Amino acid sequence: MKEGDIMIGTQVARIVESKNPAFAVGAFVVCDRGWRTHFISDGKDLQLLPSSWPESLPKSLALGTVGMPGLTAYFGLLEVCKMKPGETVLVNAAAGAVGSVVGQLAKIGGCKVVGCAGSDDKVAYLKKLGFDEAFNYKTVKSLDEALSKASPGGYDCFFDNVGGEFASVAINQMKKYGRIAVCGAISEYNDSVPQKGPYVQCPMIFKELQMEGFLVTRWNHRREEGLNALLKWVVEGKVKYHEQVTEGFENMPMAFIGMLKGENIGKAVVKV
């Protein structure tokens, strides 16, 4: 991005005027048009909310649990981690928009789930969601010992949202033939100098691990499948959600910076 560009972002928008019969005035759509209050579209970049969307459900969930973050958790677990019932799943940044869904879907799939987050309030939230084990990585004396205590037998699946030192430690806790889904690297996004970490080849080789990075857009052709499954689980109460709502367009920079600092629980959204 260059100075003066419109900041990227996704929104749930309401149609206020329309000459397109596919989009009636008053309908709600999901679109990626950046930080702006109004825009004009030919409709090609708009996605209507599912017709089964309950009136009682916040439409902002289409930006989180029943949107891109939820789909990231869904396909990352099913297609990259390939989780199986009875396995142990580790997820970091577990109280965030993606991580909180990862843990809940893993529980639905019959797995033991270990999550870590950066505050005691977030750890309490993970327990409320049904995580089997959760800890505050900022207060433990040893990350290696905390991971080992949470699952002495190791981990079959690791859903990595953080990268950096955490990933370097966690890879040594993987079980043989374990699978690692590399979803994000939030610990490294603001680094002006790249971090130096241990080499991964030895644990990858001797434990015969699979590590795969992914973007959720790979499964755009299965978007409807994922959204319908997530919406069903939310309606049934099997997947819970929390939104960190900031009021006012002028407060978007503050909300964005807060999200990068890890101040939010669940999905950070701005109500305009």
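Residues numbered from 1 in each chain as written. Predicted model: local features only at pLDDT ≥ 70, side-chain atom pairs only at ≥ 80, totals over all residues. Heavy atoms only, no water.

Draft legend 1. Representation of the overall build of the chain in the model. Scanning the chain from terminus to terminus reveals 8 helices and 11 strands. Taken against the 2.2 N^0.38 rule, which gives 19 Å for 272 residues, the C-alpha radius of gyration of the chain at 19 Å falls within 12% of a compact globule. For the chain, the spread of C-alpha atoms along the three principal axes comes to 60 × 40 × 35 Å. Within the chain, buried positions represent 44% of all 272 residues. Summarising the internal contacts of the chain: among those between residues at least 6 apart in sequence, 60% fall at separations of at least 24. Summed over its atoms, the accessible surface of the chain is roughly 15000 Å², and 55% of this surface lies on carbon and sulfur atoms. Considering the chain, the positive charge centre built from 31 side chains and the negative charge centre built from 29 side chains are found 3 Å apart. (Helix = DSSP H or I, 4+ residues; strand = E, 2+ residues; numbered from the N terminus. Rg over C-alpha atoms; globule rule 2.2 N^0.38 Å. Buried < 20%, exposed > 50% of the residue type's maximum accessible area, 1.4 Å probe, protein only. Contact = heavy atoms within 4.5 Å. Areas by Shrake-Rupley, 256 points an atom, 1.4 Å probe, with all protein chains shown as cover. Lys, Arg positive; Asp, Glu negative; His and termini not counted. Charge placed at Lys NZ, Arg CZ, Asp CG, Glu CD.)

Draft legend 2. Up close: the sheet that holds strand β8 (residues 174-182). If you trace the 6 strands from one edge of the open sheet to the other, you get β6-β5-β4-β7-β8-β9, paired in parallel fashion. Only two strands of the sheet have a single partner each, and these edge strands are β6 (133-136) and β9 (210-213). Averaged over all pairs of adjacent strands, the angle between their axes in this sheet comes to 15°, without regard to strand direction. Inspection of the sheet shows β8 paired to β9 by 4 bridges, in the parallel sense. When the bridges of β9 are listed, I180 appears paired with M211. Packing of helix α3 (residues 120-129) onto the sheet brings it into contact with β5 (112-117) and β6, and relative to β6 it is tilted by some 175°. (Pairing = 2+ DSSP bridges. Axes fitted to C-alpha atoms, helices over the stretch in contact; angles between N-to-C directions.)

Draft legend 3. Structural detail: the side chain of Q104. As for its position among the elements, Q104 is in helix α2 (residues 99-108). The class of Q104 is buried, set by a relative accessible area of 3%. A polar side-chain atom of Q104 sits 3.1 Å from the main-chain carbonyl oxygen of S100. Once residues within four sequence positions are removed from consideration, Q104 is found in contact with L129, K238, V239 and K240. (Polar contact = N/O pair within 3.5 Å; in protein donor to acceptor, adjacent residues only side chain to side chain.)

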